[in-house]
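Reading the structure
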Amino acid sequence: MIVVVGGGITGLATGQALARAGVDFMVVEEAGRVGGVIRSAEVEGRVLDWGPQRTRLTPQIRSLVRELGIEDEVLTAPADLDLFVFRDGKLREVPFSPQAFVRSDLVSTGGKLRMLLEPFTGGPRPEERVSKYFRRKLGNEIYETIVAPLYGGLYASDPADMEVGLSLIHVLRNFGIGRSLLVALLRKGGRITPPPACSFKAGMQTLPDALAASLGDRVSTDTAVTSLRRHGGGWVVSIQASEGRREISAEHVVLSVPAPVAARLLEPVAPEVAETVGRLRYNPLGVVHLDADTPLHGLGFQVAFTERNRALRGVTFNHSLFGRNRLYTAYLGGALRPDVTHLSAERLGEIAAREFRDTTGYEARPIHADHEWVPAWDVSWRGLWSMPLPQGITLTGNWWSRPGLPGRLTEAEGVARVLTEGVEA
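Note that the coordinates shown come from a computational prediction; the quantities given were computed from them, not determined experimentally.

With that out of the way, let us pick up the environment of Ser214. Of note, Ser214 is situated in helix α9 (residues 206–215). A sequence separation of 106 residues divides Ser214 from Ser108, and the C-alpha atoms of the two residues are 53 Å apart.

Looking now at the packing of aromatic side chains. Across all of its chains, the model carries ten aromatic pairs by this definition. Ring centres 5.8 Å apart and planes at 80 degrees place the aromatic pair Trp399 and Trp400 in the edge-to-face group. There is no split in this pair, since Trp399 and Trp400 are both buried. Cluster of aromatic residues (ring-pair linked, three or more members): Trp377, Trp381, Trp385, Trp399 and Trp400. One residue, Arg39, lies across the ring of Trp50, its end atom 4.4 Å from the ring centre.

Burial of the side chains of strand β16 (residues 300–303) extends over both faces: Gly300 and Gln302 are buried on one face and Phe301 and Val303 on the other. Relative to β16, strand β7 (residues 83–87) runs parallel, the two being bridged by four bridges. Bridging across to β16, Leu83 finds its partner in Gly300. Both β16 and strand β17 (residues 312–316) contribute to a ladder of three bridges, which runs antiparallel. Within the sheet, the bridge partner assigned to Gly300 lies in β17 and is Thr316.

With respect to the helices and strands, Ser256 occurs in the loop between β14 (252–255) and α10 (259–266). Given the relative accessible area of 10%, Ser256 is considered buried. Here Gly11 takes part through its backbone nitrogen, which lies 3.1 Å from a polar atom of the side chain of Ser256. Leave out the neighbours within four places in its chain, and Ser256 touches Val4, Val5, Gly6, Thr10, Gly11 and Thr396.

Right, let's talk about the sheet that holds β14 for a bit. One open sheet accounts for five strands, arranged β10-β2-β1-β14-β20; its pairing is parallel. Each edge of the open sheet carries a strand with a single partner, namely β10 (219–220) and β20 (393–395). As paired strands, strand β2 (residues 25–28) and β10 are joined by two bridges and run parallel to one another. Paired with Val28 across the bridge in β10 is Ser220.

Here strand β1 (residues 2–5) shows a buried face lined by Ile2 and Val4 and a second buried face lined by Val3 and Val5. Here four bridges tie β1 to β14, and the two strands are oriented parallel to one another. If you follow Val3 over to β14, its bridge partner there is Val253. Examined bridge by bridge, β1 and β2 share four bridges and lie parallel to one another. Its bridge partner lying in β2, Ile2 is registered against Phe25. Regarding the hand of the β-α-β motif, the stretch spanning β1, helix α1 (residues 9–20) and β2 is right-handed.

The next thing to look at is the sheet that holds strand β15 (residues 282–291). Note on sheets: strands pair through backbone hydrogen bonds, and any given pair is parallel or antiparallel. As summarised here, the arrangement of the seven strands in space is β8-β7-β16-β17-β18-β15-β19, forming an open sheet in which the pairing is mixed. In this open sheet, the two edge strands, each paired with only one partner strand, are β8 (90–93) and β19 (365–375). Pairwise comparison of adjacent strand axes, ignoring direction, gives a mean angle of 25 degrees for this sheet. Judged from the four bridges that link them, β7 and β8 form a sheet pairing that is antiparallel. Bridge assignment links Val85 to a residue of β8, and that residue is Arg92. Across the sheet, helix α13 (residues 345–360) touches β7, β8, β15, β16, β17, β18 (327–333) and β19, and the angle it forms with β19 is around 100 degrees.

Core analysis: the biggest nonpolar cluster contains 71 residues, and Leu255, Val277 and Trp399 have the highest contact counts within it. A total of seven residues in this core trace back to one element, the largest contributor, which is helix α6 (residues 140–155). Those residues in contact with Val277, other than ones at most four positions away along the chain, are Ala259, Ala262, Ala263, Leu384, Met387, Leu395 and Trp399. Grouped together as the second largest cluster of nonpolar side chains are 35 residues, Ile2, Ile70, Ala210 and Ala412 included.

Of the positions making up helix α11 (residues 271–278), those classed as buried are Val273, Ala274, Thr276 and Val277. For α11, the angular spread of the buried residues around the axis is 165 degrees, confining them to a single face. Contacts from the buried residues of α11 go to α10 and β20.

What counts, and where the lines are drawn
Residues numbered from 1 in each chain as written. Predicted model: local features only at pLDDT ≥ 70, side-chain atom pairs only at ≥ 80, totals over all residues. Heavy atoms only, no water. Helix = DSSP H or I, 4+ residues; strand = E, 2+ residues; numbered from the N terminus. Phe/Tyr/Trp six-rings, centres within 6.5 Å; stacked < 30°, edge-to-face > 60°. Buried < 20%, exposed > 50% of the residue type's maximum accessible area, 1.4 Å probe, protein only. Lys NZ or Arg CZ within 6 Å of the ring centre and 35° of its normal. Pairing = 2+ DSSP bridges. Polar contact = N/O pair within 3.5 Å; in protein donor to acceptor, adjacent residues only side chain to side chain. Contact = heavy atoms within 4.5 Å. Right-handed = clockwise from strand over helix to strand, strands pointing away. Axes fitted to C-alpha atoms, helices over the stretch in contact; angles between N-to-C directions. Core = buried A, V, L, I, M, F, W, Y, C linked by side-chain atoms within 4.5 Å. Arc of directions from axis to C-beta.

In structure tokens, the structure reads:
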């Protein structure tokens with residue numbers, strides 16, 4: 001028996017991979033629903049998402065959607081949507097080709113000329129801060145205007161707090177980037193075209209809900225793991241459910257839970273590991289859904305790091321992405337403005353509406369506001385992967401490796417492969 005603790009997308013995908021292999025397992029989730037950070041609901045007749053607003057329709061996502069029989073639920077964004085950055089009082093289109101870059105008003109002529117030096121600069125250094133790497137490669141202007149808001153926005157982080165070897169090196173390798181960013185881009189024809197953005201008619205939670213339905217009674221919600229203890233060559237997992245307390249014998253335990261929860265469960269059995277995991281930082285985000293009548297058309301926008309006085313860091317245009325009438329999702333705070341932690345939902349909504357008006361020129365009304373926490377992937381991740389885990393314990397999740405839904409699926413399949421090598425069906 002393998003016990004997967006946590007019914008987020010990683011835990012469920014791990015269960016799905018184990019089910020394909022015919023392995024005995026169960027997934028336990030403390031909350032009354034599955035999905036973890038993926039959460040959807042209908043408010044005022046519109047589908048709202050907290051956590052990821054979309055994913056990419058990669059071959060891996062397509063395959064899973066087909067396996068789960070939810071192809072008819074998929075919404076695909078139009079292919080012509082642009083991404084913008086707010087800088088110096090205006091939304092400016094992000095250039096994704098050499099021709100667009102030459103014409104762009106997002107970067108000055110001096111900034112464009114500075115980038116031509118990039119092939120003559122050195123390659124990535126694992127111990128280097130991400131901000132320093134991009135500054136010396138592309139110059140200060142391109143870093144603060146394009147790279148910092150787009151890359152930092154993935155983690156709600158400040159790249160000055162992130163190290164290349166911890167958070168960036170795997171991205172560079174995936175894109176075949178060695179010493180030069182520009183040379184690698186030109187080898188790809190000057191433009192990187194990702195798979196189309198997608199969601200689901202009832203929101204992103206459709207995916208974890210379908211996974212849970214596929215796994216049936218092997219998924220147990222409202223079931224909290226209270227402790228782990230060794231027993232022989234395996235583990236005893238103590239759980240608290242509505243029917244009371246009980247213990248489960250497990251050959252292996254997969255902890256697919258937020259880092260603070262993993263640290264709490266590991267503290268009695270692996271205190272040094274628990275201490276390392278417990279030090280990981282999460283960045284605070286205010287997530288505000290707005291109603292606004294605008295002609296804005298695109299994926300959304302990020303706010304340049306030159307605009308540090310703003311709480312608003314980015315907005316997703318759900319209206320043009322997936323036809324969700326007048327819906328826009330604003331993100332406030334992150335590493336640059338951690339004070340959003342202390343703001344009430346009402347105050348978050350007020351700030352989001354005001355700064356939406358300041359950046360776009362259009363009025364907006366808050367529909368719903370909430371607080372979320374995002375793994376920072378900063379220097380607190382040092383030493384995480386070199387620590388010796390107890391035998392029979394595996395860690396997974398968006399704080400462990402491969403952020404993003406396609407990355408979650410890849411990790412889940414990898415975990416299942418490792419486990420099935422030594423586990424009898």
